[in-house]
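# Coordinate inspection notes
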Amino acid sequence: MQTVKPSGSPPAPTPASDRNAEERFRTMADHAPVLLWMSGTDALCNFFNEPWLAFTGRTMEMELGNGWAEGVHAEDFQRCMSTYLSAFVERREFRMEYRLRRADGEYRWVLDNGVPHFGPDGVFAGYIGSCIDITDLKEAREELDRKVLERTAELEAFAYSVSHDLRAPLRAIAGFSEELSRSCIDQIDERGRHYLERISEGAKRMGILMDGLLALSRIARTDLVKGHVNLSGLARDVLKELREREPSRAVDAEITDGLMAKADLGLVRVLLENLLANAWKFTAKKDRARIVVGQQPGRPQAFFVRDDGAGFDMQYSGRLFAPFQRLHAKQDFDGTGIGLATVHRIATRHGGRAWAEGAVGQGATFYFTLEGSS
Amino acid sequence: VTTTPNILLVEDNDDDAELTELAFKRAQIQSHIVRAKDGFEALDYLRGRGAHRDRDPRDLPAVILLDLNLPRMRGLEVLKAIREDARAKLVPVVILSSSDEENDRVGAYGNHANSYVRKPVDHGDFSRAVQSLGLYWLAVNLPPHSSATSLAFSR
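The following refers to the structure shown. These figures come from a predicted structure and were not determined experimentally. (Residues numbered from 1 in each chain as written. Chains lettered and ligands numbered in written order. Predicted model: local features only at pLDDT ≥ 70, side-chain atom pairs only at ≥ 80, totals over all residues. Heavy atoms only, no water.)

By the secondary structure assignment, B:Ser115 is in strand E5 (residues 115-118). Not counting the four nearest positions on each side in its chain, B:Ser115 is found in contact with B:Val93, B:Val94, B:Ile95, B:Tyr109 and B:Trp137. (Helix = DSSP H or I, 4+ residues; strand = E, 2+ residues; numbered from the N terminus. Contact = heavy atoms within 4.5 Å.)

In structure tokens form, the structure reads like this:
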């Protein structure tokens, strides 16, 4: 039976160029490594590419309209539909994650990105969406989160052990050597007393080292609470404390006004305490010392603390920020080798870093940033 | 003259217990220290039970010095048990701990400890800490029970 065509001019045949364009689109869509779908102005789906059909194991006829939604996990269905439809009403681009049933029956997490598309005349024509399977990515991320939690718990247990268990025997060493030098002093000769003194000193020093280590681990364990921090004010407070502790020192301080950073107040205070105490300590041999706190010219997010003290050999600058590394003999400048490691850790916890410049006998400059350089 | 002890020291570590007793002796604070090696023993002592069943539980110490890191029953659990005890709940408890971790301090005050002292490694500092807390809790502070009050000055 022949269809009767309406009278008048015959329908215009589809131009060859249009057919070519459609074919090109099909080829592209069917060979793209993503699952593609399209919908019309009625929000119903009117196209799925080969990879989509291969993934769900269903036919185009089954998926068309709202058929595809049968493959969405029941727990994700409501959220999925309302995200799609509310974006649709506003002609907005959307992104969502949901579980989609694969041909083998397993639900896989997909990331679906839908964008509205418009005809050459600017009229809304529907949506084009693309999905990728992110199940492996999601699982890897969860595994990573689990590992971070595990490591943090290990660190906590370690710090707790340092704090409780290792201090007790240390107290015994310090305490009983002290008691020995008090109660039995008559039975101990000069040399013995000297040894006892060395034992006490050693125990005391180990106590200080353990406290430093504990403080370092605490930085990794505390939650970062960022706010607007006035570094200039903080630096002034810290220097005031240093002056009160050693009023005999002559130290000129120059602190740039209005140094601000978005950072954790408590941690930044610890950072400045360490850098300024460092500058204070390594200028101790100068009659008149100078400490400068400022901002690197042309790089406002990089702050620095500069002194004109003992300095260091740049050859060792890489070791400065590692825990327990010291570049000076204990009798010249006392220290635990924890201070700069603490500074470094505080900077990196904020997404920044710390570095140093200096020369022997010509002072040192310690730089730090509190955010990633962008 | 009563012979009732006025300090209960709950400490599992022999070294720490001896050093604490030595520090009290050096500080020349009139005191009698009874030591419990763990929380169970401390609670038996306070309640006049077990090995301490011949003791009158109405005689309470003027202060309890409690270590946090104890075997069998953690220090904080001992503190909770003391605070739930009908008689002993009012006795001042001073935590003597190796730790200065915030969690430990918050836990201690949260369970109504009266004071929290970190045991210093240096023996001189340790002796001074013991001396000042001994003077405060035995001579300055007035405990809730009158028998204990008179005790601090009668011995």
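Here the focus is the packing of helix H8 (residues 231-245) of chain A against helix H9 (residues 265-282) of chain A. All names here are of chain A. Packing of H8 against H9 leaves a shortest axis separation of 9 Å and a crossing angle of 50°. What the angle tells us is that H8 and H9 run oblique. Considering the relative orientation of H8 and H9, their crossing is right-handed. Residues Leu231, Leu234, Ala235, Asp237, Val238, Leu239, Glu241, Leu242 and Arg243 of H8 lie in contact with H9, whose contacting residues are Leu265, Val268, Arg269, Leu272, Glu273, Leu276, Ala277 and Trp280. (Axes fitted to C-alpha atoms, helices over the stretch in contact; angles between N-to-C directions. Parallel < 35°, antiparallel > 145°, perpendicular 65-115°, else oblique. Left-handed = near helix turned anticlockwise from the far one by under 90°.)

Attention now goes to the sheet that holds strand E1 (residues 35-39) of chain A. Residue and element names in this part refer to chain A. With respect to topology, five strands assemble into an open sheet ordered E2-E1-E5-E4-E3, the strand pairing being antiparallel. Here the strands that pair on one side only, and so sit at the sheet edges, are strand E2 (45-48) and strand E3 (94-101). Averaged over all neighbouring strand pairs, the angle between strand axes comes to 25°, with direction disregarded. In the packing of helix H4 (residues 74-90) onto the sheet, the strands contacted are E1, E3, strand E4 (107-118) and strand E5 (124-133), and the crossing angle to E3 comes to about 145°. (Pairing = 2+ DSSP bridges.)

Further remarks concern the packing of aromatic side chains. Residue and element names in this part refer to chain A. Under the definition given, this model contains 18 aromatic pairs over all chains. Ring geometry for Phe312 and Phe366: centres 6.3 Å apart, planes at 35°, overall tilted. A residue pair is termed long-range when its members are at least 10 positions apart, and Phe312 in the loop between strand E10 (299-307) and helix H10 (339-349) and Phe366 in strand E12 (residues 364-369) qualify at 54 residues. Connected via pairs of aromatic rings, a cluster forms that spans Trp37, Tyr84, Phe88, Phe94, Phe118, Phe124 and Tyr127. Looking at Arg306, its charged tip hangs above the ring of Phe304, at a distance of 4.4 Å from the centre. (Phe/Tyr/Trp six-rings, centres within 6.5 Å; stacked < 30°, edge-to-face > 60°. Lys NZ or Arg CZ within 6 Å of the ring centre and 35° of its normal.)

Contact with chain A, which involves 23 residues of that partner, is made by 22 residues of chain B. Together chain A and chain B conceal approximately 2100 Å² of surface at their shared face, both sides included; 48% is due to carbon and sulfur atoms. Together, A:His164, A:Arg171 and A:Phe176 form the three largest contributors to the area buried by chain A at its contact with chain B, with a combined 32%. Along the contact surface separating chain A from chain B lie six salt bridges. Among the salt bridges present, the one from B:Arg26 reaches A:Glu179, with a minimum N-O distance of 2.5 Å. (Buried area = accessible area lost by both parts, 1.4 Å probe. Salt bridge = Lys/Arg side-chain N within 4 Å of Asp/Glu carboxyl O.)

By size, the foremost hydrophobic cluster in this structure holds 39 residues, and its most contacted members are A:Leu272, A:Leu276 and A:Phe366. The element best represented in this core is H9(A), accounting for eight residues. The contact partners of A:Leu276, leaving out residues within four places of it in the chain, are A:Ala235, A:Val238, A:Leu239, A:Leu242, A:Ile291, A:Val293 and A:Val305. Ranked by size, the runner-up nonpolar core spans 25 residues in total, among them B:Leu66, B:Leu68, B:Leu70 and B:Ala108. (Core = buried A, V, L, I, M, F, W, Y, C linked by side-chain atoms within 4.5 Å. Buried < 20%, exposed > 50% of the residue type's maximum accessible area, 1.4 Å probe, protein only.)

All names here are of chain A. Phi at Ala43 takes a positive value of approximately 70°, unusual for a residue other than glycine. Along the chain, Ala43 falls in the loop between E1 and E2. On the accessibility criterion, Ala43 (12% relative accessible area) is buried. Phi is positive for Arg91, close to 55°, though the residue is something other than glycine. For Arg91, the location among the structural elements is in the loop between H4 and E3. Residue classification places Arg91 among the partly exposed residues on the basis of a relative accessible area of 37%.

Side chains that carry opposite charge are capable of pairing whenever their charged atoms lie near each other. Residues and elements named next belong to chain A. Per the stated rule, a full pass over the model turns up 39 salt bridges over all chains. One salt bridge in this structure joins Arg102 and Asp104, with 2.8 Å as the shortest N-O distance. A cluster of three or more residues bridged by salt bridges with shared partners is formed by Arg102, Asp104, Glu106, Arg108, Asp133 and Asp136.

With that out of the way, let us pick up the environment of A:Cys131. Residue and element names in this part refer to chain A. In this structure, Cys131 sits in strand E5. The spatial distance from the C-alpha of Cys131 to the C-alpha of Arg95 is 9.6 Å, given a sequence separation of 36 residues. Excluding residues within four positions of it along the chain, Cys131 makes contact with Val34, Leu35, Trp37, Trp52, Tyr98, Val110, Leu111 and Asp112.

Residues separated by three or four positions in an α-helix point in the same direction, a consequence of the helix having 3.6 residues per turn. Residues and elements named next belong to chain B. With 18 residues, helix H5 (residues 123-140) extends 24 Å from end C-alpha to end C-alpha; this agrees with the ideal 26 Å at 1.5 Å per step. Among all positions in H5, only His123, Gly124, Phe126, Ser127, Val130, Leu133, Gly134, Trp137 and Leu138 are buried. Sitting at the head of H5, Asp122 places a side-chain oxygen 3.1 Å from the backbone nitrogen of Gly124. (Expected span 1.5 Å × (residues − 1). Polar contact = N/O pair within 3.5 Å; in protein donor to acceptor, adjacent residues only side chain to side chain.)

For helix H1 (residues 14-26) of chain B, built from 13 residues, the straight-helix expectation of 18 Å at 1.5 Å per residue is met to within 8% by its first-to-last C-alpha distance of 18 Å. Listed as buried for H1(B) are B:Asp16, B:Ala17, B:Leu19, B:Thr20, B:Ala23 and B:Phe24. Take H1(B) and look down its axis: the buried residues cluster within an arc of 165°, on one side only. Summarising the contacts, the buried residues of H1(B) are in contact with helix H6 (167-183) of chain A together with strand E1 (7-10), strand E2 (33-36), strand E3 (63-66) and H5 of chain B. For H1(B), the capping residue at the N-terminal end is B:Asn13, with a side-chain oxygen 2.8 Å from the backbone nitrogen of B:Asp15. (Arc of directions from axis to C-beta.)

Moving on: the packing of H1(B) against H5(B). Residue and element names in this part refer to chain B. Across the interface, H1 lies against H5 with an axial gap of 9 Å and an inter-helix angle of 65°. Here H5 runs roughly perpendicular to H1, going by the angle between their axes. Considering the relative orientation of H1 and H5, their crossing is right-handed. Each of Leu19, Thr20, Ala23 and Phe24 in H1 lies in contact with H5, whose residues at this interface are His123, Phe126, Ser127, Val130 and Gly134. In the contact of H1 with H5, the residues fall into five nonpolar, four polar and no charged. (Nonpolar A, V, L, I, M, F, W, Y, C, P; charged D, E, K, R; others polar.)

Just distances and angles here, no functional claims.
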